[in-house]
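Structural description and commentary
Residue-level listing of the chains:
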Amino acid sequence: MENRSVALDGPAGAGKSTLAKRVSEHFGLIYVDTGALYRSIGLFVFRNNVASRDAEGVLKLLPEIRLDMRYDDSGVQRMILNGEDVTEDIRLPEISVYASDVSAMPAVREFLLEMQRSMAVKYNVLMDGRDIGTVVLPDAGLKVFITADASTRANRRYLELKAKGIETTFDEVKDAMIKRDKNDSEREAAPLKAADDAVILDTSELNLDESFDALCNLVTAKFGEK
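Only a predicted model underlies this, so the values are computations on that prediction, with no experimental measurement involved.

1. Structural notes on helix α2 (residues 34–47)
Over its 14 residues, α2 extends 20 Å from the first C-alpha to the last, a length consistent with the 20 Å expected when each residue adds 1.5 Å. Among the 14 residues that make up α2, 12 are buried, leaving the element largely enclosed by the rest of the structure. Capping of α2 at its N-terminal end is provided by D33; its side-chain oxygen lies 3.1 Å from the backbone amide nitrogen of G35.

The structure is reproduced here in structure tokens:
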């Protein structure tokens, strides 16, 4: 199969990670959550008491960062930061802001770019993020931009955090999400936007199973697999 790679982009809370996990498992693709890479860097910056927008401070920390992605027995991607499994820690609300701010820095994006591209060379991948189709994998076999309205996305994220026992409110989650949307869309380095040849998939009115079916249909139509 020619270029069996799927680039899945979209804003926070659109359902990218949840759908990507299910669809990659269904088609036997390696799932790469690139947002987790930026969150891991954001966590390291946060732990070192460097401001999220202190580009010079962040740049000085990059040589100290060792990142690795592993997959447990159930196929879940685990993020390893300097030997420590930080898969849960990087999902804390305060780290979302750090992830958004550091991801706007060209030095950070360059730091992670080769790591992401090398995954697509080694494996048939489904990679999700915010600039996969436009920057990381511009030659991906299929590009999908998945989105939903802000309230729907915020509610999904709120329920997800609540299920994990993380105390927050819907308004806090929505405010943080709107701020991140603005940061990601307006940054100079690889802003969040759909690739010119991406298929737009709006899941505002779709439940998880319907969204899963819609994305699977796009993969099947492109690659001829079910």
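2. Some details on the sheet that holds strand β4 (residues 77–81)
Sheets are built from strands paired through backbone hydrogen bonds, the pairs being either parallel or antiparallel. The strand order β3-β4-β5 describes an open sheet built from 3 strands, whose pairing is antiparallel. Each edge of the open sheet is held by one strand with a lone partner, namely β3 (67–71) and β5 (84–85). Relative to the sheet, α2 contacts β3, β4 and β5, its axis offset from that of β4 by approximately 30°.

3. Some points on the sheet that holds strand β2 (residues 30–33)
Read across the sheet, 5 strands follow the order β2-β6-β1-β7-β8 without closing on themselves; strand pairing throughout is parallel. Both edges of this open sheet fall to β2 and β8 (199–202), since each of them pairs with a single strand only. Sheet twist, expressed as the mean angle between neighbouring strand axes with direction ignored, is 20°. As paired strands, strand β1 (residues 6–9) and strand β7 (residues 142–147) are joined by 4 bridges and run parallel to one another. In the sheet register, L8 faces β7, and the bridge partner there is V144. Across the sheet, α2 lies against β2 and β6 (125–129), angled at about 35° from β2, the strand it touches most.

4. A closer look at the pattern of salt bridges
Within this structure, the stated rule accounts for 17 salt bridges. In this structure, the salt-bridge partner of E56 is K60, at a minimum N-O distance of 3.7 Å. In this pair, E56 and K60 both sit in helix α3 (residues 55–61), 4 residues apart, roughly one turn of the helix. Taking the shortest distance from any N to any O, the salt bridge between E186 and K182 comes out at 3.0 Å. In this pair, E186 and K182 both sit in helix α8 (residues 170–186), 4 residues apart, roughly one turn of the helix. With a relative accessible area of 55%, E186 lands in the exposed category. If you follow the salt bridges from partner to partner, you end up with R130, R180, D184 and R187 in one network.

5. As for the pairing of β1
Because side chains alternate across β1, one face comprises the buried residues V6 and L8, and the other comprises A7 and D9, equally buried. Pairing analysis gives 4 bridges linking β1 to β6, with the strands arranged parallel. Bridge assignment links L8 to a residue of β6, and that residue is D128.

6. Comments concerning the nonpolar core
Counting residues in hydrophobic clusters, the biggest one holds 34 residues, and the most contacted among them are I41, V45, L67, M79, V108 and M127. Tallying contributions element by element places α2 first for this core, with 7 residues. The contact partners of L67, leaving out residues within four places of it in the chain, are L37, S40, I41, M79, I80, L81, L112 and M115. L19, A20, V23 and F27 belong to the second largest nonpolar core, which has 19 residues in total.

Calculation criteria
- Residues numbered from 1 in each chain as written.
- Predicted model: local features only at pLDDT ≥ 70, side-chain atom pairs only at ≥ 80, totals over all residues.
- Heavy atoms only, no water.
- Helix = DSSP H or I, 4+ residues; strand = E, 2+ residues; numbered from the N terminus.
- Expected span 1.5 Å × (residues − 1).
- Buried < 20%, exposed > 50% of the residue type's maximum accessible area, 1.4 Å probe, protein only.
- Polar contact = N/O pair within 3.5 Å; in protein donor to acceptor, adjacent residues only side chain to side chain.
- Pairing = 2+ DSSP bridges.
- Contact = heavy atoms within 4.5 Å.
- Axes fitted to C-alpha atoms, helices over the stretch in contact; angles between N-to-C directions.
- Salt bridge = Lys/Arg side-chain N within 4 Å of Asp/Glu carboxyl O.
- Core = buried A, V, L, I, M, F, W, Y, C linked by side-chain atoms within 4.5 Å.

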